[in-house]
Amino acid sequence: MTAEVLLSRLEKVRQTGRDTWVALCPAHDDTRPSLAIRGLSDGQVLLFCRSRDCAVEDIVAAVGLTMAVLFPDRPTSPYSRPQRHRWPPADLLRMAGRDARVVGIGALMMTSGDPLSEVDRQCILDAATRLIRTADEAG
Ligand SMILES: [Zn+2]
């Protein structure tokens, strides 16, 4: 299973479901596990950096692997359409809920006059960007 190859190279790996894990994102200076990993039944692996939205290519390269680790070997047919896997709606809702909380707390801090640190400001901007992208994808 390809997820195991990747998981063996990540730090602070914690299983969160039958085929889901979180780990430190190796593509940025991660201190709290923000890399979401999901193994699919066909062997493909989905990655998502919830903190900085790091590029998947950068994540696999940071642990010395290539994109091939995310896709199982399988015969390809010129007649088969590429499958597009998406995150399950429940996972997307959980992530959007977390980002909405971050943006909401940021709004409360700004309206109460509390100064925002640079880290807080960046977290709020990242969360807002992900929420807008998610809303765009949802149509
Ligand atoms: Zn990252």
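Residues numbered from 1 in each chain as written. Predicted model: local features only at pLDDT ≥ 70, side-chain atom pairs only at ≥ 80, totals over all residues. Heavy atoms only, no water.

Caption draft 1: Highlighting the coordination of the zinc ion. Protein coordination at the zinc ion: the donors are Cys25 (SG), His28 (ND1), Cys49 (SG) and Cys54 (SG), at 2.1 to 2.3 Å from the metal. Its four donor atoms give the zinc ion angles of 102 to 116° at the centre, a pattern that matches the tetrahedral case. (Donors = N, O, S within 2.8 Å, 3.2 Å for Na, K, Ca; no water. Tetrahedral: all angles 85-135°; square planar, octahedral: opposite > 155°, others 65-115°.)

Caption draft 2: Structural context of the packing of helix α3 (residues 89-111) against helix α4 (residues 118-138). At a closest axis distance of 9 Å, the pairing of α3 and α4 adopts a crossing angle of 135°. The angle between α3 and α4 places the two elements in the oblique class. Relative to α4, the crossing made by α3 is left-handed. In contact with Ala96, Arg98, Asp99, Ala100, Val102, Val103, Gly106 and Met109 of α3, α4 contributes Asp120, Cys123, Ile124, Ala127, Ala128, Arg130 and Leu131. Taken together, the residues of the contact of α3 with α4 sort by class into ten nonpolar, one polar and four charged. (Axes fitted to C-alpha atoms, helices over the stretch in contact; angles between N-to-C directions. Helix = DSSP H or I, 4+ residues; strand = E, 2+ residues; numbered from the N terminus. Parallel < 35°, antiparallel > 145°, perpendicular 65-115°, else oblique. Left-handed = near helix turned anticlockwise from the far one by under 90°. Contact = heavy atoms within 4.5 Å. Nonpolar A, V, L, I, M, F, W, Y, C, P; charged D, E, K, R; others polar.)

Caption draft 3: Inspection of the pattern of salt bridges at higher detail. Counting across every chain of the model gives six salt bridges. Between aspartate 99 and arginine 98 there is a salt bridge, and its shortest N-O distance comes to 3.2 Å. Salt bridges sharing partners connect three or more residues here, namely Arg98, Asp99 and Arg130. (Salt bridge = Lys/Arg side-chain N within 4 Å of Asp/Glu carboxyl O.)

Caption draft 4: Highlighting the nonpolar core. With 19 residues, the main nonpolar core has Leu6, Leu10, Leu35, Ile37 and Leu47 as its most contacted residues. Formed by six residues, the second largest nonpolar core is a distinct cluster that contains Ala36, Leu40, Leu46 and Phe48. (Core = buried A, V, L, I, M, F, W, Y, C linked by side-chain atoms within 4.5 Å. Buried < 20%, exposed > 50% of the residue type's maximum accessible area, 1.4 Å probe, protein only.)

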